[in-house]
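Each chain, letter by letter, is given below.
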Amino acid sequence: MDELKKLVLEYRNKTIEGKRVDLVPVTRGKMNHVLYLRSQEKSKYFLNQEEGMTLAAQEQWFDSYQERLDDLYWFFCDKKGTIEGTVRLGHICKDSAGLDSVTGDNTIKHIFMDFIAAEDMAIEFAFQVLNIRKLTGLVRSDNEPVLGINKRQGFQIVGEEQVRGVTYLQEELWNPKYRG
């Protein structure tokens, strides 16, 4: 097993503590929380989820996630342990990873700041621990809050893509060590 896959496996069982939030590995037993977050109207809209999600479908996805070693999926939790959202690094390889499945509980007043903190932690982890060269992402073209966050973090729009008839912007952020 290569070093990158070993790190992915290690961090599937390890909490990453931050100043504002912690990244806690998603587990099969917590798929009901994922379902709750992804079923909120804003999440369904920005993730372009047309059909209703089910707990069985989330559990099936999680089982396939466990079989591959190119994904890390976390809850971000406040310092009291309350699950506030999710963030994921997908399709991890030495050259790149996708920053996606970032959702937040829109009923929490301070969710915007915790969302930013969680995304910052995932970016730092990808670049400093996994040593990924660049991060990629797809953001719905009318998701102004996330586009603004990503711009401040240094993401650049490099193209667009249609997903189920909706325009998403392709973004990338280079690890400063490899930007040349």
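This text follows the structure it describes.
Residues numbered from 1 in each chain as written. Predicted model: local features only at pLDDT ≥ 70, side-chain atom pairs only at ≥ 80, totals over all residues. Heavy atoms only, no water.

## Things to note about the nonpolar core
Stage number 1. Trp-74, Leu-89, Ile-92 and Leu-130 are the most contacted members of the largest nonpolar core, which has 38 residues in total.
Stage number 2. Broken down by secondary-structure element, the contributors of at least two residues to this core are α1 (3-11), β3 (72-77), β4 (83-90), β5 (96-104), α5 (111-129), β6 (134-140), α6 (144-153) and β8 (166-174).
Stage number 3. When residues of this core are assigned to their parent elements, the largest contribution, eleven residues, is made by α5.
Stage number 4. Not counting the four nearest positions on each side in its chain, Leu-89 is found in contact with Asp-70, Asp-71, Leu-72, Trp-74, Gly-98, Leu-99, Ala-122, Phe-125, Ala-126, Leu-130 and Leu-135.
Stage number 5. The next biggest cluster of nonpolar side chains, apart from the first, holds ten residues, and it includes Tyr-65, Tyr-73, Phe-75 and Cys-77. (Core = buried A, V, L, I, M, F, W, Y, C linked by side-chain atoms within 4.5 Å. Buried < 20%, exposed > 50% of the residue type's maximum accessible area, 1.4 Å probe, protein only. Helix = DSSP H or I, 4+ residues; strand = E, 2+ residues; numbered from the N terminus. Contact = heavy atoms within 4.5 Å.)

## Brief notes about α6
Stage number 1. Val-146, Leu-147, Ile-149, Asn-150 and Gln-153 are the residues of α6 that are buried. Down the axis of α6, the sector holding all buried residues measures 160 degrees, keeping them to one side. In α6, the exposed positions that point more than 90 degrees away from the buried face belong to Glu-144, Lys-151 and Arg-152.
Stage number 2. Close packing links the buried residues of α6 with α5, β6 and β8. (Arc of directions from axis to C-beta.)

## Re the side chain of Arg-88
Stage number 1. As for its position among the elements, Arg-88 is in strand β4.
Stage number 2. A polar atom in the side chain of Arg-88 sits 3.0 Å from the side chain of Asp-71.
Stage number 3. Among residues more than four places away in sequence, those in contact with Arg-88 are Trp-61, Arg-68, Asp-71, Leu-72, Tyr-73, Gly-98, Leu-99, Asp-100 and Ser-101. (Polar contact = N/O pair within 3.5 Å; in protein donor to acceptor, adjacent residues only side chain to side chain.)

## Considerations on helix α2 (residues 31-38)
Stage number 1. All of the buried residues along α2 are Met-31, Val-34, Leu-35, Leu-37 and Arg-38. Buried residues of α2, seen end-on, are gathered within an arc of 165 degrees and therefore sit on one face of the element.
Stage number 2. As for α2, its buried residues are in contact with α3 (41-46), α4 (55-67), β3, β4 and β5.

## Points about the layout of surface pockets
Stage number 1. Estimates place the volume of the largest pocket at around 1,200 Å³.
Stage number 2. Broken down by element, the lining of the largest pocket gets its largest block of residues, seven residues, from β5.
Stage number 3. Its residues placed into classes, the lining of the largest pocket shows 20 nonpolar, 17 polar and eleven charged. (1 Å grid on protein atoms, 1.4 Å probe; cavity = no way out; pocket = protein on both sides within 12 Å on 5 of 7 lines; lining within 4 Å. Points joined across faces, edges and corners; volume = space filled by probe spheres on them. Nonpolar A, V, L, I, M, F, W, Y, C, P; charged D, E, K, R; others polar.)

## Describing the pattern of salt bridges
If the charged atoms of two oppositely charged side chains come close together, the side chains can form a pair.
Stage number 1. Applying the stated criterion across every chain, the model contains twelve salt bridges.
Stage number 2. Here Arg-68 ties to Asp-71 by a salt bridge, and the two come within 2.7 Å at their closest N and O atoms.
Stage number 3. Counted as one network, the salt bridges with shared partners bring together Arg-68, Asp-70, Asp-71, Arg-88 and Asp-100. (Salt bridge = Lys/Arg side-chain N within 4 Å of Asp/Glu carboxyl O.)

## Some details on the sheet that holds β8
Stage number 1. Spatially, eight strands are ordered β1-β2-β3-β4-β5-β6-β8-β7 in an open sheet, and the strand pairing comes out mixed. Strand pairing shows two members of the sheet lacking a second neighbour, β1 (16-17) and β7 (156-163), which therefore form its edges.
Stage number 2. In the sheet, strand β2 (residues 22-25) pairs with β3 via four bridges, with the strands oriented antiparallel. Note on β3: the bridge partner recorded for Val-24 is Phe-75. (Pairing = 2+ DSSP bridges.)

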